[in-house]
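# A closer look at the structure
Each chain is listed here by its residues.
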Amino acid sequence: MSEPRYDVVAIGNAIVDVMSPCEDELIEELDLVRGGMTLIDTERAKELYAAMGPAREISGGSAANTLAGLSALGSQCAFIGQVADDQLGDVFGHDIRAVGIDFDTAPRPGEPPTARCLIFVTKDGQRTMNTYLGATQFLPADALDLDVVAGGSILFLEGYLWDPEEPRAAMRRAIDAAKNAGRKVAFTLSDPFVISRHGQDFHDLIDAGLLDIIFANHLELAALTGEDDFEAGIALLSARVPVLVVTRGAEGAVVVAHGERAEVAAEPIEQVVDTTGAGDLFAAGFLHAFVRDEPLEKCLRLGAIAAAEIISHYGARPEVDLKALAAKKLG
């Protein structure tokens, strides 16, 4: 097996986040699912954008956020995702390349436009996401550079992107390419709604031995296993995958890898400003350490450090030197 060119190659949604602070009353007025992620159509996107206050545009997408964290920590990464040939597509491409991530997927001409996520952030830091998928849901399998896929030590797949048909086929092709090259495949479950629609697919992938690492939060764990009891869910799923990583917000995180278990508490933080991207950056910290064969507790700790940084400000991309922060915290 050849030496990997990249630490992590990710396939995910290419989205520009449009973020705006708001009062709780606006969440109710607009009939939004507080703290959740809702897919919206063109007309709803226009309606919600018109209702937003002053907003910031920040390139996002779950897997892309994870890679941004990985790159900030010093990992070599590549991203595969679909933008349109438009202004927001240019913004996304510029932003991801500017942080040192290889991104060579050709933009898609014409309609629909580049995806955007309209995020309403309340004073407690809770984010309510409304996603217009646009071009990102039309990533074709033939857009994959299989040499890039095979060149990553870990292929990281975003559960959100499993929903549309074309990128789902692309990810299946990528899994085959990664496995044929002897690489590991990591999958983040993303949201209970994805599991409600495609849970059987995920069980089939697990049973076929195609997923080496699963990232979930406690709600996703319950949705996939059918177990409301956290420990029962951990026991069920960890018996079926080599590495299971589960986060539970302020209560910290757990990993079970090949029967070995480790846990860490959440990193202390003065104020939670915005929880957008917490899970994405946790995965970044974990994977950066994991790919370097660090002890499981250190993998979790680095994930917690990265997550704490991201929830201390608006947006899902690091705003401090994560490498320096990790060195200071880990000693």
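Thresholds, definitions, all that
Residues numbered from 1 in each chain as written. Predicted model: local features only at pLDDT ≥ 70, side-chain atom pairs only at ≥ 80, totals over all residues. Heavy atoms only, no water. Buried < 20%, exposed > 50% of the residue type's maximum accessible area, 1.4 Å probe, protein only. Helix = DSSP H or I, 4+ residues; strand = E, 2+ residues; numbered from the N terminus. Pairing = 2+ DSSP bridges. Right-handed = clockwise from strand over helix to strand, strands pointing away. Phe/Tyr/Trp six-rings, centres within 6.5 Å; stacked < 30°, edge-to-face > 60°. Lys NZ or Arg CZ within 6 Å of the ring centre and 35° of its normal. Disulfide = S-S within 2.5 Å. Contact = heavy atoms within 4.5 Å. Axes fitted to C-alpha atoms, helices over the stretch in contact; angles between N-to-C directions. Core = buried A, V, L, I, M, F, W, Y, C linked by side-chain atoms within 4.5 Å. Parallel < 35°, antiparallel > 145°, perpendicular 65-115°, else oblique. Left-handed = near helix turned anticlockwise from the far one by under 90°.

## Comments concerning the pairing of strand β5 (residues 77-80)
Residue alternation in β5 divides its side chains into two sets, Cys-77 and Phe-79 and Ala-78 and Ile-80, and both sets are buried. Here 4 bridges tie strand β1 (residues 6-11) to β5, and the two strands are oriented parallel to one another. If you follow Ala-10 over to β5, its bridge partner there is Phe-79. By the bridge criterion, 2 bridges tie β5 to strand β6 (residues 102-103) in an arrangement that is parallel. Across the sheet, residue Phe-79 finds its bridge partner in β6, namely Phe-103. Taken together, β5, helix α4 (residues 87-98) and β6 constitute a β-α-β crossover, and its handedness is right-handed.

## Here's the deal with the packing of aromatic side chains
In this structure the tally under the stated criterion is 10 aromatic pairs. Taking the centre distance of 5.9 Å and the plane angle of 75 degrees together, the rings of Trp-162 and Phe-187 count as edge-to-face. Here the residue Trp-162 occupies a position in the loop between β9 (152-158) and α6 (165-180), and Phe-187 occupies one in strand β10 (residues 184-188), the gap between them amounting to 25 residues. For the pair formed by Trp-162 and Phe-187, the shared burial category is buried. Through successive ring pairs, a cluster of aromatic residues spans Phe-156, Phe-215, Phe-286 and Phe-290. Taking NZ or CZ as reference, Arg-108 lies 4.7 Å from the ring centre of Phe-138, over its face.

## Topic: the state of the cysteines
For the structure on display, the rule yields 0 disulfides. The thiol of Cys-22 is not disulfide-bonded; the next cysteine sulfur, from Cys-117, is found 13 Å away. Judged by relative accessible area, which is 10%, Cys-22 ranks as buried. Here Cys-77 is not disulfide-linked; the sulfur of Cys-299 is the nearest cysteine sulfur, at 15 Å.

## A few points about the environment of Asp-104
Mapped onto the elements, Asp-104 comes out in the loop between β6 and β7 (115-121). What makes Asp-104 exposed here is its relative accessible area of 69%. Counting along the chain gives 40 residues from Asp-104 to Leu-144, while the straight-line C-alpha distance between them is 9.5 Å.

## Examining the sheet that holds strand β13 (residues 253-257)
The strand order β6-β5-β1-β9-β10-β11-β12-β13-β14 describes an open sheet built from 9 strands, whose pairing is mixed. Each end of this open sheet is capped by a strand with a single partner; those strands are β6 and β14 (260-264). Relative to β10, β9 runs parallel, the two being bridged by 5 bridges. The residue of β10 that forms the bridge with Leu-157 is Phe-187. Seen against the sheet, helix α3 (residues 62-73) touches β1, β5 and β9 and runs at an angle of roughly 165 degrees to β5. In the packing of helix α11 (residues 296-310) onto the sheet, the strands contacted are β12 (243-247), β13 and β14, and the crossing angle to β14 comes to about 30 degrees.

## What to know about the nonpolar core
If you look at the biggest cluster of nonpolar residues, it comprises 50 residues, and the most contacted ones within it are Ile-11, Leu-155, Leu-157, Leu-189, Phe-202 and Ile-234. If sequence neighbours within four positions are ignored, Ile-11 has contacts with Ala-63, Phe-79, Ile-80, Leu-139, Leu-144, Leu-155, Phe-156, Leu-157, Glu-158, Leu-161, Met-171 and Ala-174.

## What to know about the packing of α3 against helix α10 (residues 278-290)
When two helices pack together, their arrangement is given by the angle between the helix axes and by the axis-to-axis distance. Two elements in contact, α3 and α10, have axes separated by 8 Å at closest approach and are oriented at 45 degrees. Relative to α10, the element α3 lies oblique. Once α3 is placed against α10, the crossing between them reads as right-handed. Residues Ser-62, Asn-65, Thr-66, Gly-69, Leu-70 and Leu-73 of α3 touch α10, and the partners they reach there are Asp-280, Leu-281, Ala-283, Ala-284, Gly-285, Leu-287 and His-288.

## Focus on the pairing of strand β2 (residues 15-21)
Taking burial as the measure, the 7 residues of β2 include 6 buried ones, the bulk of the element. Pairing between β2 and β7: 7 bridges, direction parallel. Residue pairing for β7: Ile-15 is matched across the bridge by Ala-115.

So far we have only geometry, and geometry alone does not tell us how the molecule works.
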